[in-house]
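Survey of secondary and tertiary structure
In case you want the letters, here they are:
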Amino acid sequence: MLRCPLCKGAEFQQEVGRLDSRWGLTSHRMTLLICRSCRYILHFYDKNSIFDFD
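Residues numbered from 1 in each chain as written. Predicted model: local features only at pLDDT ≥ 70, side-chain atom pairs only at ≥ 80, totals over all residues. Heavy atoms only, no water.

Time to look at the overall build of the protein chain. Summing up its helical and strand segments, the protein chain has zero helices and four strands in all. In the protein chain, the succession of helices and strands from N to C terminus is β-β-β-β. Within the protein chain, the proportion of its 54 residues that are buried is 22%. At a minimum sequence separation of 6, the contacts of the protein chain that also span at least 24 residues come to 23%. Accessible surface for the protein chain amounts to roughly 4,700 Å². Of this, 52% is attributable to carbon and sulfur atoms. (Helix = DSSP H or I, 4+ residues; strand = E, 2+ residues; numbered from the N terminus. Buried < 20%, exposed > 50% of the residue type's maximum accessible area, 1.4 Å probe, protein only. Contact = heavy atoms within 4.5 Å. Areas by Shrake-Rupley, 256 points an atom, 1.4 Å probe, with all protein chains shown as cover.)

See the structure below:
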């Protein structure tokens, strides 16, 4: 079960976002999970978190 790294909450609001490159040449679609307790945002891209370093 996914938990918020700040408050350990388990309820999230799911949104879809887009991140454009500095010059607008590329665009990346991301899934955003927003913690319902503290509003911390977890970013997911290609089914991996920004916390995955492998």
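So that's the structure; there's more coming.
As a further point, take the environment of Thr 26. Along the chain, the position of Thr 26 falls in the loop between β1 (12-20) and β2 (27-35). By relative accessible area, which is 40% here, Thr 26 ends up partly exposed. Leaving out residues up to four positions away in the same chain, Thr 26 has contacts with Leu 19, Asp 20 and Ser 21.

With that settled, the discussion passes to the pairing of β2. Across nine bridges, β1 lies against β2 in antiparallel orientation. The residue bridging Gly 17 from the neighbouring strand is Met 30, located in β2. Where β1 folds back on β2, the antiparallel hairpin that results is connected by six residues, among which Gly 24 adopts a positive phi of roughly 75 degrees. Summarising the sheet, β2 and strand β3 (residues 41-45) pair through four bridges and their orientation is antiparallel. Note that in β3 the partner of Leu 32 across the bridge is His 43. Between β2 and β3, which pair antiparallel one after the other, the connecting turn spans five residues, and Arg 39 there sits at a positive phi close to 70 degrees. (Pairing = 2+ DSSP bridges.)

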